[in-house]
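The primary structure of each chain is shown beneath.
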Amino acid sequence: MKACRIAQQSVISAAEIDVWGGAMLRTTGISLLIACVLAGIGCGSSLSNSRSRVTAAAPSDPSSGSSGGQGAEISIFPSTDTLRIGGQRQFSGFDRTVGQYDVTWSVREGAVGGSISAGGLYTAPSTTGTFHLTATSNANPKLSATAPITVVSVGFLPISPMAAPRSGHTTTLLRDGRVLIAGGTTAAAHSAELFLPASSSFTATTGGMIHVRMDHCAALLQDGRVLIAGGGDGHGTLFGAAELFDPATQSFLPTGGLNHARTRATATLLPNGKVLVAGGLDAAGTLLSSAELYDPFTGTFSFTGNLQSPRAEHTATLLVNGRVLLVGSNSNSSLAELFDPATGLFTATGSLVQARTHHTATLLPNGKVLVLGGTQIMPPLGGGAAPGPVSLNSAEVYHPATGMFQPAGKLLMARDSHSATVLANGTVLVTGGYVHDFDGDAQREWYTIFTAELFDPATSVSTAASSLEADRAEHLATLLQNGQVLVTGGRSGFQELCCSPKPYTVVLGSAELYK
């Protein structure tokens, strides 16, 4: 019988647990392990470190029979990792000769290579380099496997958690360097909070949001206030209402409402000071082609031209020329379009090389737009099942001068609902996300990942970066004024239809800094 998957997860509080469809609770995977044992199912670990399409048992599952390039009898998960100095990662070792997680751990280089507990918790040393973990069978000491670990000087560090777990929230960098974290929770008392870079901590806003909302959109206005519009309460009720956050008073005030309530739309500050709110879903889940402009001087929304193609869960990128590039949709469309503030109209531009949604679109210093990852609806390799979302590892670049997209290399790992942040050196930090795919039995599956990579737009080459402290997707990454990257919230979990038709999901309150 195919093994269940246990998601590797940093320790989280019970308040962070969010169960979909009556799925069993878990914290760090222990309760799920118990559930699998009670069900008579052998459980493996959660996350695949490298694949774009699945054709066999998941390499992340040490008990699945896939060695992932290791010895045929002993498997280690993860099979490799990149960590920051002093970083930690939980490893598991599976002995197929006895069908158990029963190994003894050691570090080949000794203390200079870090340390690992009897339970497989590895702590990186204070020096950089490549080191090797060894898992030796307790049943047969002649059998072992090795996992290489790269230790780097720059990476992610855990910080104090947010006041509430958040997913579907927004983060807005304020002019004074603080970050407003709004919504993404049902906790009215903690509907919004501020991140303080000086202390790497969070503090409550003086006033709470007028509406506790998620999957809304937000934009920083030219006067420093933050517009928050749309979204819903998590129970199917959408908000047409909008509100403004005033950093000086830390309070939320009502402003004019949207003409069309919508969720999962985009909000883009235009050079003329207005905000474009485009697309999204209505209460019936219908894709919207309408768009509206918010005028901060009148505090009202007004309709503008319609989108060429209705879309939601897309990206909207303000180009250097003042136009807005809209890319992707959950309709599996490759069509892209431009909004021109001068005319208030949308016009078609070149199509994506590969249709996608849940991707990232990042404005590069040279004015081009880098599009990474996402999902595309496609059948499993070999057919035999209905099409479903499959994560992509492809990259492409939009050239405003020609209006065309061109292939631009590949990510190390297929991923969607990840984050992509341009760093000071011009490289793009890509973190976390989901892997959506089909298992070896052509059944759909997904799971969150902790891997990160650095994509170099100049060479279209991606290299491994220090992994996140926790596997997460639907999180947000915010580039701070000091050059660090703040990562907040999101979800951690997995779904395998073979043994758990209902997904296991944790909403995260944890945060970390890339520095």
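Being a predicted model, the structure only gives us computed values, none of them experimental.

Cut-offs used in this document
Residues numbered from 1 in each chain as written. Predicted model: local features only at pLDDT ≥ 70, side-chain atom pairs only at ≥ 80, totals over all residues. Heavy atoms only, no water. Helix = DSSP H or I, 4+ residues; strand = E, 2+ residues; numbered from the N terminus. Contact = heavy atoms within 4.5 Å. Areas by Shrake-Rupley, 256 points an atom, 1.4 Å probe, with all protein chains shown as cover. Salt bridge = Lys/Arg side-chain N within 4 Å of Asp/Glu carboxyl O. Buried < 20%, exposed > 50% of the residue type's maximum accessible area, 1.4 Å probe, protein only. Pairing = 2+ DSSP bridges. Axes fitted to C-alpha atoms, helices over the stretch in contact; angles between N-to-C directions. Phe/Tyr/Trp six-rings, centres within 6.5 Å; stacked < 30°, edge-to-face > 60°. Lys NZ or Arg CZ within 6 Å of the ring centre and 35° of its normal.

Q: Tell me about the overall build of the chain, residues and numbers included.
A: Across its full length, the chain carries 1 helix and 44 strands. Contacts in the chain between residues at least 24 apart in sequence constitute 56% of all its contacts with a sequence separation of at least 6. Approximately 19,200 Å² of the chain is accessible, and the part contributed by carbon and sulfur atoms is 56%.

Q: Outline the pattern of salt bridges, supporting the account with residue identities and numerical values.
A: Enumeration according to the criterion identifies 13 salt bridges in this entry. One salt bridge in this structure joins E243 and R213, with 2.6 Å as the shortest N-O distance. One end of the pair, E243, is in strand β19 (residues 242-246); the other, R213, is in the loop between β16 (201-204) and β17 (217-220), with 30 residues separating them in the sequence. Across the pair, exposure class does not vary: E243 and R213 are buried alike. Measuring nitrogen to oxygen at the nearest pair gives 2.8 Å for the salt bridge that ties R225 to D223. A relative accessible area of 48% places D223 in the partly exposed class. Through salt bridges with shared partners, one network takes in D215, R264 and E313.

Q: So, the sheet that holds strand β39 (residues 461-465): which residues are in play, and what are the values?
A: Pairing in this open sheet of 4 strands is antiparallel, and the strands run β34-β35-β38-β39 from one edge to the other. Pairing within the sheet leaves two strands with one partner each, and these edge strands are β34 (419-422) and β39. The sheet shows a mean angle of 25 degrees between the axes of neighbouring strands, direction not considered. Across 4 bridges, β34 lies against strand β35 (residues 428-431) in antiparallel orientation. Looking at β35, one finds that V422 is bridged to V428.

Q: Help me get a handle on the sheet that holds strand β18 (residues 226-229), residues and values and all.
A: As summarised here, the arrangement of the 4 strands in space is β17-β18-β19-β20, forming an open sheet in which the pairing is antiparallel. Only two strands of the sheet have a single partner each, and these edge strands are β17 and β20 (251-255). Averaged over neighbouring strand pairs, the angle between their axes works out to 25 degrees when direction is ignored. Pairing analysis gives 4 bridges linking β17 to β18, with the strands arranged antiparallel. From the neighbouring strand, A218 faces β18, where its bridge partner is I228.

Q: Any chance you could break down the environment of G256 for me, citing the residues and the numbers?
A: Relative to the assigned elements, G256 resides in the loop between β20 and β21 (266-269). When the C-alpha positions of G256 and P296 are compared, they lie 9.5 Å apart, and in sequence the two are 40 residues distant. Setting aside anything within four residues of it in sequence, one finds G256 in contact with A242, G299 and F301.

Q: Break down the pairing of strand β44 (residues 511-514) for me, citing the residues and quoting the values.
A: Covered by surrounding structure in β44 are A511 and L513 together with E512 and Y514, the residues of both alternating faces. Relative to β44, strand β41 (residues 485-488) runs antiparallel, the two being bridged by 4 bridges. Residue pairing in the sheet places L486 in a bridge with L513 of β44.

Q: Hey, could you go over unusual backbone geometry for me, with residue numbers and the actual values?
A: A cis amide bond links F77 with the next residue in sequence, P78, at an omega value of -10 degrees. Mapping P78 onto the fold places it in the loop between β3 (74-77) and β4 (81-84). Although it is not a glycine, A442 adopts a positive phi angle of roughly 60 degrees. Mapped onto the elements of the fold, A442 is located in the loop between β36 (434-438) and β37 (444-448). A residue is classified by how much of its surface remains accessible, and A442, at 21% relative accessible area, is partly exposed.

Q: Describe the packing of aromatic side chains, and please don't skip the residues or the numbers.
A: With the rule as written, the count across this model stands at 11 aromatic pairs. When the centroid spacing of 5.2 Å and the interplanar angle of 55 degrees are considered together, the rings of F195 and F202 count as tilted. Its relative accessible area of 0% is what places F195 among the buried residues. Overall, the relative accessible area of 14% leaves F202 in the buried class. Their ring planes at 80 degrees and their centres at 5.3 Å tell us that Y434 and W446 sit as a pair that is edge-to-face. Here Y434, found in strand β36, pairs with W446, found in strand β37; they are 12 residues apart in sequence, far enough to count as distant. Assessed through its relative accessible area of 7%, Y434 is described here as buried. W446 gets classed as buried once you look at its relative accessible area, which sits at 11%. Grouping aromatic residues by their ring pairs yields a cluster made of F91, W105 and Y122. Stacked on the ring of F450, the Lys or Arg R89 has its end atom at 3.9 Å from the ring centre.

Q: Before we move on, can you summarise the pairing of strand β28 (residues 345-349) with the specific residues and values?
A: With 5 bridges joining them, strand β27 (residues 336-340) and β28 adopt antiparallel strand pairing. Opposite D340, over in β28, you have L345 as the bridge partner. What sits between the antiparallel neighbours β27 and β28 is a turn of 4 residues, in which G344 has the positive phi angle 70 degrees.

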